[in-house]
Amino acid sequence: ERNLSHATEIDSLLVINMDVFNPAFRAPKFFIAYNYITGKAFTDTRLPDVYYSVKTPQNELLLATSKGIFTLDLISLRSGLFKLLPPPKAYSIPPNTVSGRLYFDRQQNLWISTGTGVLKVAPGKPGTLFSQANGLPATIISNFFQDREGIMWFSNQETGVAKLVDQNLQFYKELDRAFNVYDVCVPPGSDSVWMYDQVHHRILLDHQNYMNQFAVRSKDFLYRIAMGMRKFYGSGPASIYQLYPAPNGTFTTSPLYSNPAADESFGTLLLDPEENIIGVGSSIVAVLNGSKIVREPLDYLADNAVLTKDNFLIVITRSMNFYIYKIDPS
């Protein structure tokens, strides 16, 4: 039948909805349940338009309709009656959510294609919306797929296929209209995220989904921040500062190193195990115990550097030279 669109098998039944989107074929308003063991079929024309169906991990049947997402009552269905129930309580699906595609991944997350993007609903948690505003390449997603590595794939009719490697990753074009993120720091072993707004001289702490902002009381612009568990730092043009939290919800700055004659810059700030600061850029500068300066020249600018768990500092410069240093905080 050219009007049949999708079928879901559950408890010896094929539950079938019609294709209501194709303008070339005028589909009758039928919703069909077919028992493939007895050969019996029964239909309903009173339900809202049904666009898609999916079986939940708990062996329930969800229907995406023109009036929202519902659960089909399987007990009534065995008697030949179609009855819609609210969606499962484990999934916080907003009322009147209209969707043309539903999908459950192996972690039992429900993925819903909507007119504003993809809504991911994890059991017992509020939904997360992926849209063009935070990185989704197209608004209407026509298919979902999860591969063996857990990667989610989205297909659409505008740009093709996109993948979401990490389901916990979210992209924000703008965190807050009053806060422009210039640099981000996540201390190793911490669940805190520190962000710096160069325009408004403010530092934001995101800890367990609670955000708190601190003003930086300094006329000096910072380019990088390095926030430890006990000590806090920032860098500006040819300078490294220590940041001190004040009781009035601000940070004050105190210069640790400055060498404007050398035209130095620091693209990376790192903390050693004793939370001494190491700046890497046109040179390597370490400030030990807040006073002793150790400086190593580099042949050219380094955009990034890594400090390993076993205290090796690895630096690659733009001239493709590779440096390895052993760090000894003592």
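Computed from a prediction, not measured in an experiment: that's the story for all the values here.

*Asks:* Which residues make up the packing of aromatic side chains, and what values go with them?
*Replies:* All chains considered together, the criterion is met by 16 aromatic pairs. Consider the rings of Phe 31 and Phe 82, whose centres lie 5.4 Å apart with planes at 70 degrees: the pair is edge-to-face. Linking Phe 31 in strand E3 (residues 31-35) with Phe 82 in the loop between helix H1 (74-78) and strand E8 (84-85), this pair joins segments that are 51 residues apart in sequence. For Phe 82, a relative accessible area of 11% corresponds to the buried category. Here Tyr 103 and Phe 144 contribute two aromatic rings whose centre-to-centre distance is 6.2 Å and whose plane-to-plane angle is 35 degrees, an arrangement assigned as tilted. A residue pair is termed long-range when its members are at least 10 positions apart, and Tyr 103 in strand E9 (residues 101-104) and Phe 144 in strand E13 (residues 143-146) qualify at 41 residues. Among the residues examined, Phe 144 registers a relative accessible area of 7% and is labelled buried. Stacked on the ring of Phe 312, the Lys or Arg Lys 326 has its end atom at 4.5 Å from the ring centre.

*Asks:* Got a sec to walk through the pattern of salt bridges? Specific residues and values, please.
*Replies:* In total, this model carries seven salt bridges according to the counting rule given. Across the pair Lys 55 and Glu 9 runs a salt bridge, and its minimum N-O distance is 3.8 Å. Taken together, the residues span a long stretch of sequence, with Lys 55 in strand E5 (residues 50-55) and Glu 9 in strand E1 (residues 4-10) at a distance of 46 residues. Across the salt bridge formed by Asp 303 and Arg 318, the nearest N and O atoms sit 2.8 Å from each other. Of this pair, Asp 303 sits in the loop between strand E27 (292-297) and strand E28 (304-307) while Arg 318 sits in the loop between strand E29 (312-316) and strand E30 (322-326), and the two are 15 residues apart along the sequence. The partly exposed category is assigned to Arg 318, whose relative accessible area is 49%.

Basis of the calculations
- Residues numbered from 1 in each chain as written.
- Predicted model: local features only at pLDDT ≥ 70, side-chain atom pairs only at ≥ 80, totals over all residues.
- Heavy atoms only, no water.
- Phe/Tyr/Trp six-rings, centres within 6.5 Å; stacked < 30°, edge-to-face > 60°.
- Helix = DSSP H or I, 4+ residues; strand = E, 2+ residues; numbered from the N terminus.
- Buried < 20%, exposed > 50% of the residue type's maximum accessible area, 1.4 Å probe, protein only.
- Lys NZ or Arg CZ within 6 Å of the ring centre and 35° of its normal.
- Salt bridge = Lys/Arg side-chain N within 4 Å of Asp/Glu carboxyl O.

So far we have only geometry, and geometry alone does not tell us how the molecule works.
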